[in-house]
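Residues per chain are reported as follows:
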Amino acid sequence: MSGGATWDPLLGRLGLDALPFWSMIEHPTRPEIVNGSIATAAASVVVLGALAVVVLVTRKGWWRALWSDWLTSVDHKKIGIMYVVLAFVMLARGVVEAVLMRAQQAFGLGGGFLSPEHFGQLFSTHGTIMIFFVAMPFLSGLINFVMPLQIGARDVSFPVLNSISLGLTAAGAGLVMVSLVVGRFSTGGWSGYPPFTELAYSPGVGPDYWIWSVTLSSLGSTLTGVNFAVTIYKQRAPGMHLFRMPLFCWTALCTSILMIFAMPPLTVATLLLALDRYAGFHFFTTTLGGDMMNYANLFWLFGHPEVYILILPAFGVFSEVFSTFSGKRLYGYSSLVAATMVIAVLSFTVWLHHFFTMGQDADINAAFGIATMTIGIPTGVKVYDWLLTLFRGRVRLTTPMIYALGFTVLFVVGGLSGILLANPTIDFQVHNTLFLVAHFHNMLVPGLLFGMLAGYSFWFPKAFGFRLDERWGRISALAWIVGFMLAFFPLYALGLLGMPRRMVAFFQPAYLPWTIAAGLGGLVILFALFSLVVQLRVSVGAREANRVPVGDPWDGRSLEWATAAPPPEYNFPVLPEVGSRDPFMTAKEAGAAYQEPEAYEDIEMPANSALGALLCLCGGAAGFGLVWYLFWLVVPALAVALGALIARSFLRRTTRTIAAGEVRRTHRHWLAEVSRTAAVTRAGECDVRNRGRAVPAALEAAE
Amino acid sequence: MRPARRLRRVGAALASAVVLLAAPAARAGEALSFLDPQGPVAAAQRDHFYWVIGLVMIVVLPVVLATPILAWRYRYGARKAAYRPKWHFSWSLEIAIWGIPVAVVAALVWLLWVGTHALDPYKAVETGQPPLRVQVVGYDWKWLFIYPDQGIASVGELAFPVDRPLALRLTSATVMQSFFVPALGSQIYAMNGMVTRLHLAADRPGRFLGENTQYNGRGFHEQRFVARALPPADFAAWVARLRAQGAALGPAVAAALAERGSARDLARALGLAGEGAPVVGFRAVPPRLFEQIVERAHAVPAAGGAREAAR
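Residues numbered from 1 in each chain as written. Chains lettered and ligands numbered in written order. Predicted model: local features only at pLDDT ≥ 70, side-chain atom pairs only at ≥ 80, totals over all residues.

Chain B has the name Cytochrome o ubiquinol oxidase subunit 2 in an unreviewed UniProt entry, where Tistlia consotensis USBA 355 is given as its organism. Its UniProt record gives chain B the following Sequence similarities (unreviewed entry) comment, quoted word for word: "Belongs to the cytochrome c oxidase subunit 2 family." On record in UniProt, under Subcellular location (unreviewed entry), the comment for chain B is "Cell membrane". (UniProt positions renumbered as here; feature names shortened; annotations may be inferred.)

As annotated in an unreviewed UniProt entry, chain A is Cytochrome o ubiquinol oxidase subunit 1 from Tistlia consotensis USBA 355. Per its UniProt entry, chain A bears the Sequence similarities (unreviewed entry) comment "Belongs to the heme-copper respiratory oxidase family." The Subcellular location (unreviewed entry) field of the UniProt record for chain A holds the comment "Cell membrane".

Structure, rendered in structure tokens:
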């Protein structure tokens, strides 16, 4: 073991110095105590939070339900919800870290309160968490929940694989959380560039935590991509042609294709780096012919498509939101599909723009710069398609719509800075500065995060059967918008003033007003996050008043609104026949919604499986063992995982059948509820009158 | 051309005002930004910057204005506004929303192609004077500037005569770094075992912020230097002073350079710690020092630098 100076067969590299408060006890200087206290407090939150969950579940006697209804469930809706829960937990940590960094820079003229080491860990965990353990789980969760409903399927093509993907992602997230309590995380940023992350420059466990958490997550995402793509190709309801799919499904398809092709280069890059660190290879070292430029190419061959993996599903959500809350067909459907596909293809041709400054010649830089700017065309078209959906509609300013409107205005600003960065001439000036940081947050906060939060508000009633509190939702949406502007627009100015990213402290007084403004923006974002928590608490408290059992609270257009809220496990009692692009709206307008089918049949659903939960434990244990050189843990963990996979393939009974009689009973009960419920116009959308049955907007206008 | 130039000037004034007014201290010390350019490269980059903003505004501005207008005009309560729930396509609009971005991007592509070639960091900056050769070595967390024709070197300060362009060759003795003097022009990576190039020039005497923008550990934020454009006579005096008073760059000094630490730590290690910004001058620089640092990484034959191998 290279670098394992204190390696012990039993404890590996683990020692007392792995505890976050150890160095503060050994060296009780003021900076050590400040940083040690912050780290210890963060670790305590993780430990106490986990303990609190265990105590709560035990007190309430929820263990059995948690295991059989959730952890071993292969229902795409439950897996989707678990992904989103994971994303929210990690989002809370990511935002708190962001606020700490903004605070550090607000006090950072010549010092601040965080040590450089601590700050390095913060920007590395923040980036890693936000990309791999907030954005990816959130969009995987939304697609999981929504897409099979929208295409009229009962589940995804590979339900157990779906649960395994979730398990691997959760294991990666778990490793990042454990790094807060035991040891340190990488300081090499979310992109983990060697040679800085090589053993020679970063001998600690940090980069290993990064490598294994990202590897686990990238494996999970590759499998997710395969699963979603096959589901969309093979599981569509009769009549649901590709060009009748809701736009969200198109974006899900493009994202899945990108995942399949873009995640493997990342897995390869992290594994090569692992070979360097664990086995003395020299892929990216500074000696013996290692070349970090190969890493930069591999990483960004993943990294650039990745940003479109992140943004496309949000585009899908916004397409649904604009059309639904304008009470109008989506403008330019074919255009939007074409634009989505063009973006997906072009995203593989631009990776070099992440290192224009590496010294290749002007022709190459120009070619990649031009390819990058070309992506601006389909993206611009999309924004105009959405605006034309508003045009001559009836726009309701609900929470998802506030996010959507904030998104269009802010996103084009990010597009402008993106076009600027696509010019090598300008990139040579703002690369690696806070201008770049402002740019990608400008794309990912209004783009991805607003999209996900809009989707959360939009589909929450479908998932849980009651609407979220509208007042707190709007407060939160506005706080996100204002907080974003205050936190990130100053970073554009700082970047133009030459301030590099990842600076723990600075020495130019000119930066101070901007860093203070950005720090205040961070506080507003913290409030926005707090509002989301309050919203959830208030909504759960008032759930009886806000129930929407009929399942169509927003006068929806696509199939997911045609079933109960929450939907039965099998989604649809009888698979729907699709004859148009907005099938449920067409049915409502023709008075043909909520019909009883001629006959009910037995429904075969996948049976629960513990494989996902087991692989989560094994993956997490193997990762932890590798980080700390605990090889007695790694070997059995991997063996159990492999054995379980093989054993599973011998299982004969992998489905269970729901009898036609039970389906009939459930469906008739719901239909009775439907006929008892008065349909409401959009004027009653956000109050207690809304029980989930809508007067279609076009009919309301005709009255 | 004239309205365009006026537009550009107004844009330039506005943006500079926004960035620099709130930062009055910026001009008092070192020049920080290419929006306040101190040389021909940065000035061209600034112009390019405003041109791109102006062109992209053709697409961006309508969105920023139309979003609130449409949301208000067609709000649910506005019963007088037209409502066409089935309308979803128009060929003329379609041609406009694809055509206008295509036209704007076509113009941008032309700008990009010309600009990328004109401002290629590998391309020499012509001022009518022979360039000053400087070799730059990135250490953790300081830059070493070697003047091969003068036989001197410095840490913490990159001085050069204002009338001559700078021709830089860069490498790193450690992890990847990015060399950057924003007020003068482009940044470029410095990588171990490889050589990259950069050309800069100043068009007036002054002091400019220099830095590393690629994170390389706990001393990253301290890896700054001052780039100083001096009148020719002052530069000659500066060279003479280093030749007379600089520390001889022998093996002991080379070892101190390779230690992880800022320029200030180096000065302290060499017993030169004083007041003000840490600047260390060297004389008696070994003639092939830069080449040796590059070759050290190649214990076995390996692929060369990005373009150096091809030349």
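After that view, the rundown keeps rolling.
**Quick notes on the overall build of chain A**
A count of helical and extended segments in chain A gives 21 helices and two strands. Computed over its C-alpha atoms, the radius of gyration of chain A comes to 25 Å, within 12% of the 27 Å expected for a compact globule of 703 residues. Projected onto its principal axes, the C-alpha coordinates of chain A cover approximately 75 × 55 × 45 Å. By sequence separation, contacts in chain A at least 24 residues apart represent 82% of the contacts at least 6 residues apart. (Helix = DSSP H or I, 4+ residues; strand = E, 2+ residues; numbered from the N terminus. Rg over C-alpha atoms; globule rule 2.2 N^0.38 Å. Contact = placed C-beta atoms within 7 Å.)

**As for the overall build of chain B**
Broken down by element type, chain B carries eight helices and 12 strands. Within chain B, the fraction of its 311 residues that count as buried is 46%. Of the contacts formed within chain B by residues at least 6 apart in sequence, a portion of 73% connects residues at least 24 apart. (Buried ≥ 20, exposed ≤ 12 C-beta atoms within 10 Å, placed from the backbone.)

**Some points on the domain arrangement of chain A**
Residue and element names in this part refer to chain A. Taken domain by domain, chain A comprises domain 1 (62-547) and domain 2 (548-609 + 654-703). The gap between the C-alpha centroids of domain 1 and domain 2 is 32 Å. Facing 41 residues of domain 1, the contacting portion of domain 2 comprises 37 residues. Elements represented by at least two residues in the side of domain 1 that touches domain 2 include exactly α5 (116-150), α6 (159-181), α9 (292-325) and α14 (434-464). With five residues, the single largest contributor to the side of domain 1 that touches domain 2 is α14. Taken together, the residues of the side of domain 1 that touches domain 2 break down into 17 nonpolar, 12 polar and 12 charged. (Domains from an automatic or database assignment. Nonpolar A, V, L, I, M, F, W, Y, C, P; charged D, E, K, R; others polar.)

**What to know about the pairing of strand β12 (residues 280-283) of chain B**
Residues and elements named next belong to chain B. Judged from the three bridges that link them, strand β3 (residues 152-155) and β12 form a sheet pairing that is antiparallel. Each bridged residue has a counterpart across the sheet, and for Ala 153 the counterpart in β12 is Phe 282. Pairing geometry for strand β11 (residues 247-248) and β12, over two bridges, is parallel. Its bridge partner being in β12, Ala 247 is matched across the sheet by Phe 282. (Pairing = 2+ DSSP bridges.)

**Overview of the UniProt feature "domain: Cytochrome oxidase subunit II copper A binding" (unreviewed entry) in chain B**
With numbering matched to this structure, UniProt assigns "domain: Cytochrome oxidase subunit II copper A binding" (unreviewed entry) to residues 129-241 of chain B. Along residues 129-241 of chain B the backbone is 9% helical and 50% strand, and the end-to-end C-alpha distance reaches 24 Å.

**Some points on the interface of chain A and chain B**
Between chain A and chain B, the contact holds 84 residues from the first and 82 residues from the second. For the side of chain A that touches chain B, the secondary structure elements donating two or more residues are α5, α10 (333-346), α11 (362-390), α12 (399-422), α13 (424-430), α15 (470-496) and α21 (697-702) of chain A. It is α11 of chain A that provides the largest number of residues to the side of chain A that touches chain B, a total of 16 residues. Looking at the side of chain A that touches chain B residue by residue, the classes come out as 47 nonpolar, 27 polar and 10 charged.

**Description of the packing of helix α8 (residues 247-279) of chain A against α10 of chain A**
Residues and elements named next belong to chain A. For the pair α8 and α10, interaxial distance at closest approach is 10 Å and the crossing angle is 10°. Here α8 is positioned roughly parallel relative to α10, judged by the angle of their axes. In this structure, α8 contributes Leu 247, Trp 250, Thr 251, Cys 254, Ile 257 and Leu 258 to the contact, and α10 contributes Tyr 333, Leu 336, Val 337, Thr 340, Met 341 and Ala 344. Broken down by class, the residue content of the contact of α8 with α10 amounts to 10 nonpolar, two polar and no charged. (Axes fitted to C-alpha atoms, helices over the stretch in contact; angles between N-to-C directions. Parallel < 35°, antiparallel > 145°, perpendicular 65-115°, else oblique.)

**A look at α15 of chain A**
Between its first and last C-alpha atoms α15 of chain A spans 39 Å; for 27 residues at 1.5 Å apiece the expected length is 39 Å, and the two agree. Note on α15 of chain A: the residue one or two positions beyond its end, Gly 498 of chain A, has a positive phi of about 85°. (Expected span 1.5 Å × (residues − 1).)

**A few points about the domain arrangement of chain B**
In many reports, interface size means the accessible area that the parts give up when they come together. All names here are of chain B. In terms of domain boundaries, chain B breaks down into domain 1 (2-118) and domain 2 (132-296). Opposite the 13 residues of domain 1 that make contact, domain 2 presents 15 residues. Residue composition of the side of domain 1 that touches domain 2, by class: seven nonpolar, four polar and two charged.

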